[in-house]
Amino acid sequence: MAYVTGFLLAVPTANKEAYRKLAESSWELFKEHGCLASHETWGVDVPDGKVTSFPMAVQKKEDETVVFSWMIWPDRETCDKGWAAMMNDPRMQEMPEMPFDGMRMMWGGFEPLISLGSSDPAALG
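Residues numbered from 1 in each chain as written. Predicted model: local features only at pLDDT ≥ 70, side-chain atom pairs only at ≥ 80, totals over all residues. Heavy atoms only, no water.

## Focus on the environment of Thr78
Alright, step 1. For Thr78, the position within the fold is in helix α3 (residues 76-87).
Alright, step 2. A relative accessible area of 23% places Thr78 in the partly exposed class.
Alright, step 3. For Thr78, the residues in contact, after removing those within four places along its chain, are His33, Gly34 and Trp73. (Helix = DSSP H or I, 4+ residues; strand = E, 2+ residues; numbered from the N terminus. Buried < 20%, exposed > 50% of the residue type's maximum accessible area, 1.4 Å probe, protein only. Contact = heavy atoms within 4.5 Å.)

This is the structure in structure tokens:
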């Protein structure tokens, strides 16, 4: 069964291009270790909430943008093995510094429950 890892973080708005480059340059490594697809989305309509919200969850600062991303793996076993292998891959040490505060990033693993329509954001226009 497919497996999805999801991420929510706040990136300084001025670091948008650095974040895009980091995500793009790390794709080959993820792909080599079994990841099937990676999606990065830049928040454009992410309102503050009164009780809970994406901005509150990542303690977004005034000069930051919320980023929501997810990766699709063939199954959890491949994901777990892939992440473990990447942590020991010397190329991970060569990656540029993260252009965001990793302490405020949240992530988790999910099994698909239902999929409707296209899963390729590019297909949506």
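## Describing the packing of aromatic side chains
Alright, step 1. Summed over all chains, the structure comprises five aromatic pairs.
Alright, step 2. Taking the centre distance of 6.3 Å and the plane angle of 55° together, the rings of Phe7 and Trp83 count as tilted. You can see Phe7 sitting in strand β1 (residues 3-12) and its partner Trp83 sitting in helix α3, a full 76 residues away along the chain.
Alright, step 3. Consider the rings of Phe54 and Phe68, whose centres lie 6.2 Å apart with planes at 25°: the pair is stacked. Remark: Phe68 occurs in strand β3 (residues 64-73) and Phe54 occurs in helix α2 (residues 54-57); sequence separation between them is 14 residues.
Alright, step 4. When its relative accessible area of 39% is taken as the criterion, Phe68 is described as partly exposed.
Alright, step 5. Grouped by ring-pair contacts, the aromatic residues Phe7, Phe30 and Trp83 constitute a single cluster. (Phe/Tyr/Trp six-rings, centres within 6.5 Å; stacked < 30°, edge-to-face > 60°.)

## A few points about the side chain of Arg104
Alright, step 1. For Arg104, the position within the fold is in the loop between α4 (90-93) and β4 (106-110).
Alright, step 2. The class for Arg104 is buried, based on a relative accessible area of 11%.
Alright, step 3. A distance of 3.1 Å separates the side chain of Arg104 from the backbone oxygen of Val58, its partner in a polar contact.
Alright, step 4. Setting aside anything within four residues of it in sequence, one finds Arg104 in contact with Leu8, Ala10, Val58, Gln59, Lys60, Lys61 and Glu64. (Polar contact = N/O pair within 3.5 Å; in protein donor to acceptor, adjacent residues only side chain to side chain.)

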